[in-house]
Amino acid sequence: MKIHVFANEEELHEAAAQTIVRLLRRKPDAVLGLATGGTPVGIYAKLAAAFRRGEVSFARATTFNLDEYVGLPPDHPESYRSYMERHLFRHIDLPQERAHIPDGNAADLERECERYERLLQEAGRIDLMLLGLGHNGHIGFNEPGRQLHSRTHVAVLHPKTREANARFFRSPEEVPARAVTMGLGGIFKAVTILLVVKGADKADIVHRALTGPLTTECPASLLQLHPDLVVMLDEGAAARFGRPAPGEAQPVNGLR
Ligand code: GLP
């Protein structure tokens, strides 16, 4: 595991975006796993800017989003399809047919999960999986509980998750109760996982996830097992990892 701590959001967003840019320059047909939520917005803005400057092309890439709400029309501003269009897809040259997001409106959700799982299998391994972290340790919508799922499945959102996401909706009741999410198997098959966490409100959970016991009660704790986990934190999220001594250089690599 490599942990990078950034003094400001700008640098964090740029570093995360450049990780993706470098991958695409090395491997133009890379398969990317993409996340939604507040965390990646700035990263997507940097990616769009890099595309505009001609530094990167997504023309041969394939993307898989982690999850989608159940029952929100695709054109609802808070569907993850709308989010991805707004923040990334409409700004880059990624072919639409290779931008995969689960269909949260499928008549038969079980079949939709199977379809998504099959697409993931056919694509082989995700080269880089971008992940955010929920306040309760969820990744994608793999929520804490007594058991976790390996495959794409329909998840019932934890009350805390609905509460956290209520800020994007007009009222908390409007937050969907369920979502289709990639399972931990799909996430873990990624060659590299890039976990990005920002804000002091996530300092405890990110510390617990990366240093605490492995438990289904904190799905992100399993990330400790991944052979190529890169973590990018801002100062707020890194607070529990200890402070460097006065005069000591800010560590950018490794646990401090
Ligand atoms: C959401 C998403 C996750 C995301 C997480 C954190 O509900 N399903 O993929 O990483 O919660 O979101 P945020 O970045 O807004 O804190």
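Residues numbered from 1 in each chain as written. Predicted model: local features only at pLDDT ≥ 70, side-chain atom pairs only at ≥ 80, totals over all residues. Heavy atoms only, no water.

Some details on the overall build of the protein chain
Here is the rule we go by: Secondary structure elements follow DSSP: runs of H or I no shorter than four residues count as helices, runs of E no shorter than two count as strands, and numbering proceeds from the N terminus. A radius of gyration in this sense is built from C-alpha atoms; the matching globule rule multiplies 2.2 Å by the number of residues raised to 0.38. Under the scheme applied here, a residue whose accessible area is under 20% of the maximum for its type counts as buried, over 50% as exposed, and between as partly exposed, the area being computed with a 1.4 Å probe on protein chains only. We call two residues in contact when some of their heavy atoms are within 4.5 Å. We get accessible surface area from the Shrake-Rupley algorithm with a probe of 1.4 Å; when it comes to residues, only the shown protein chains can shield them. The convention is simple: Lys and Arg are positive, Asp and Glu are negative, and His and the chain ends are not counted. A charged residue contributes its charge at one atom only: NZ of Lys, CZ of Arg, CG of Asp or CD of Glu.
If you tally the helices and strands in the protein chain, you get seven helices and 10 strands. For 256 residues, the compact-globule formula gives about 18 Å, and the C-alpha radius of gyration of the protein chain, at 17 Å, lands near that figure. Taken over the C-alpha atoms alone, the protein chain extends approximately 60 × 45 × 35 Å along its principal axes. By the burial criterion, 55% of the 256 residues in the protein chain qualify as buried. By sequence separation, contacts in the protein chain at least 24 residues apart represent 77% of the contacts at least 6 residues apart. Counting only carbon and sulfur atoms, one obtains 51% of the accessible surface of the protein chain, whose full area is about 11,600 Å². Taken as two groups, the 31 positive and 32 negative side-chain charges of the protein chain have centres that lie 3 Å from each other.

Focus on the site of the ligand
As a reminder of what qualifies: Whether a residue is near a molecule or strand is decided by its heavy atoms; if any one of them lies within 4 Å of it, the residue is near. Any pair of nitrogen or oxygen atoms within 3.5 Å is treated as a polar contact; in protein, a donor-acceptor pairing is required on top of that, and neighbouring residues in sequence qualify only through side-chain atoms on both sides. Polar here means any residue outside two lists: the nonpolar Ala, Val, Leu, Ile, Met, Phe, Trp, Tyr, Cys and Pro, and the charged Asp, Glu, Lys and Arg; Gly therefore counts as polar.
By nearness alone, 15 residues border the ligand, and Gly 38, Thr 39, Asn 165, Arg 167 and Lys 202 come closest of all. Contact between the ligand and Gly 140: a nitrogen atom at 3.2 Å from a main-chain N or O atom of the residue. The side chain of Asn 165 places a nitrogen or oxygen atom 2.8 Å from an oxygen atom of the ligand. The residue makeup of the shell around the ligand, split by class, is four nonpolar, eight polar and three charged.

Some thoughts on the packing of helix 1 (residues 9–26) against helix 2 (residues 41–52)
Rules: Axes here refer to lines fitted to C-alpha atoms; in helices the fit is confined to the stretch in contact. Angles between the N-to-C directions go from 0 to 180 degrees. Put simply, angles under 35 degrees are roughly parallel, angles over 145 are roughly antiparallel, angles from 65 to 115 are roughly perpendicular, and the rest are oblique. Crossing chirality is assigned from the near helix's rotation relative to the far helix, an anticlockwise turn below a right angle marking it left-handed and a clockwise turn marking it right-handed.
Packing of helix 1 against helix 2 brings their axes to within 8 Å, and their N-to-C directions diverge by 55 degrees. In terms of axis orientation, helix 1 runs oblique to helix 2. Helix 2 is crossed by helix 1, and the crossing has right-handed handedness. Where helix 1 abuts helix 2, its residues Glu 10, His 13, Glu 14, Ala 16, Ala 17, Ile 20 and Val 21 lie against Gly 42, Ile 43, Lys 46, Leu 47 and Ala 50. Counted by class, the contact of helix 1 with helix 2 contains seven nonpolar, two polar and three charged residues.

Observations concerning the sheet that holds strand 8 (residues 178–181)
Heads up, the condition is: Pairing between two strands requires that DSSP report at least two bridges joining them.
Taken in spatial order, the three strands make up an open sheet running 4-8-7, and their pairing is antiparallel. The sheet terminates laterally at strand 4 (67–69) and strand 7 (153–156), the two strands that pair on one side only. Across the sheet, the axes of successive neighbouring strands diverge by a mean angle of 30 degrees, strand direction being ignored. Here strand 7 runs beside strand 8; their pairing, made up of four bridges, is antiparallel. Residue pairing in the sheet places His 153 in a bridge with Thr 181 of strand 8. In this fold helix 4 (residues 109–123) packs onto strand 7 and strand 8, with an angle of close to 120 degrees to the strand it touches most, strand 7.

Regarding the nonpolar core
As a reminder of what qualifies: The criterion is simple. A nonpolar core is a set of buried Ala, Val, Leu, Ile, Met, Phe, Trp, Tyr and Cys residues joined through side-chain atoms within 4.5 Å.
Of all hydrophobic cores here, the largest spans 34 residues; its most connected members are Met 129, Leu 131, Leu 195 and Leu 233. If you list the elements that add at least two residues to this core, you get strand 1 (2–6), helix 4, strand 6 (128–131), helix 6 (184–188), strand 9 (192–197), helix 7 (203–211) and strand 10 (229–234). The dominant element in this core, judged by the number of residues it contributes, is helix 7, at four residues. Residues contacting Leu 195, with those up to four places away along its chain left out, are Leu 131, Gly 132, Leu 133, Leu 210, Leu 223, Leu 229, Val 230, Val 231 and Met 232.

What about the side chain of Glu 117?
Within the secondary structure, Glu 117 is located in helix 4. Each residue touching Glu 117, except ones within four places of it in the same chain, is listed here: Arg 151 and Thr 152.

Comments concerning the pattern of salt bridges
Between side chains of opposite charge, pairing is possible as soon as their charged atoms come close. Applied cut-off: Each reported salt bridge corresponds to a side-chain nitrogen of Lys or Arg within 4 Å of a carboxyl oxygen of Asp or Glu.
This structure, assessed with the given rule, holds nine salt bridges. Where Lys 46 meets Glu 14, a salt bridge forms, and the shortest distance between an N and an O atom there is 3.6 Å. Remark: Glu 14 occurs in helix 1 and Lys 46 occurs in helix 2; sequence separation between them is 32 residues. Taking the relative accessible area as the measure of exposure, Lys 46 reaches 16% and is therefore buried. Overall, the relative accessible area of 27% leaves Glu 14 in the partly exposed class. The partner of Arg 170 in a salt bridge is Glu 174, with the nearest N and O atoms 3.2 Å apart.

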